[in-house]
Amino acid sequence: MLLAWLTLALAIALEVTATLSLRAAADGRTGLIALVVVGYVGSFVCLYVVLKRIDVSVAYAVWAGAGTAVVAGIGMLALGEAASVLRLGSIALIILGVIGLNLTGAL
């Protein structure tokens, strides 16, 4: 089971890398398109492997939620995107939702 969670972490890292590369490619660095494709394909392959061990509701929520929260955090911390109480609260709600889904599987 630990391997499944580590694979899910890799899927998230690949998805975040692809998303940030997509942003850079849209800003004119078109050479990063290959990294976008490899990142998204690798992320989905890892997610496919994970779904053999972790329920789809939990795996997808963690993958999507963590990816969204990390990209939003990097956007605010490193890319100069605005940080507001509403934005930070929304990220916190995403994290709480993922935690809630994980806890329901344990109950």
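Residues numbered from 1 in each chain as written. Predicted model: local features only at pLDDT ≥ 70, side-chain atom pairs only at ≥ 80, totals over all residues. Heavy atoms only, no water.

Each aromatic ring pair is characterised by the separation of its centres together with the angle its planes make. The full count for this structure, using the stated rule, is two aromatic pairs. Measuring from ring centre to ring centre gives 5.5 Å for F44 and W63, while their planes differ by 55 degrees; the resulting arrangement is tilted. One end of the pair, F44, is in helix α2 (residues 33-50); the other, W63, is in helix α3 (residues 56-78), and 19 residues separate them in sequence. The exposure class assigned to F44 is partly exposed, which follows from its relative accessible area of 48%. W63 sits in the buried class, given a relative accessible area of 8%. In this structure an aromatic cluster arises from ring pairing among F44, Y60 and W63. (Phe/Tyr/Trp six-rings, centres within 6.5 Å; stacked < 30°, edge-to-face > 60°. Helix = DSSP H or I, 4+ residues; strand = E, 2+ residues; numbered from the N terminus. Buried < 20%, exposed > 50% of the residue type's maximum accessible area, 1.4 Å probe, protein only.)

Their axes nearest at 8 Å, the elements helix α1 (residues 2-26) and α2 cross at an angle of 160 degrees. Judged on the interaxial angle alone, α2 and α1 are roughly antiparallel. Both α1 and α2 take part in a crossing whose hand is left-handed. Looking at the contact of α1 with α2 residue by residue, the classes come out as 16 nonpolar, seven polar and one charged. (Axes fitted to C-alpha atoms, helices over the stretch in contact; angles between N-to-C directions. Parallel < 35°, antiparallel > 145°, perpendicular 65-115°, else oblique. Left-handed = near helix turned anticlockwise from the far one by under 90°. Nonpolar A, V, L, I, M, F, W, Y, C, P; charged D, E, K, R; others polar.)

Moving on, we get to the nonpolar core. Counting 15 residues, the largest nonpolar core has L8, I12, I54, V62 and W63 as its most contacted members. Looking at this core, the elements with two or more residues in it are α1, α2 and α3. The contact partners of I54, leaving out residues within four places of it in the chain, are M1, A4, W5 and A59. (Core = buried A, V, L, I, M, F, W, Y, C linked by side-chain atoms within 4.5 Å. Contact = heavy atoms within 4.5 Å.)

Attention shifts here to a nonpolar patch on the surface. Residues I33, V37, V41, V45, Y48 and V49 make up a contiguous nonpolar surface patch of roughly 550 Å² in combined accessible area. By secondary structure assignment, the location of V37 is in helix α2. Residue class for V37 comes out partly exposed when judged on its relative accessible area of 47%. (Patch = residues over 30% accessible without salt bridge, like charges linked within 9 Å, V, L, I, M, F, W, Y side chains within 5 Å. Areas by Shrake-Rupley, 256 points an atom, 1.4 Å probe, with all protein chains shown as cover. Salt bridge = Lys/Arg side-chain N within 4 Å of Asp/Glu carboxyl O.)

For any two helices packed against each other, one specifies the inter-axial angle together with the distance between the axes. Contact geometry for α2 and α3: axes closest at 10 Å, N-to-C directions at 150 degrees. Classified by the interaxial angle, the pair formed by α2 and α3 is roughly antiparallel. In this structure, α2 crosses over α3, and the sense of that crossing is right-handed. Together, S43, F44, L47 and V50 of α2 and A59, Y60 and W63 of α3 make up the contact between the two elements.

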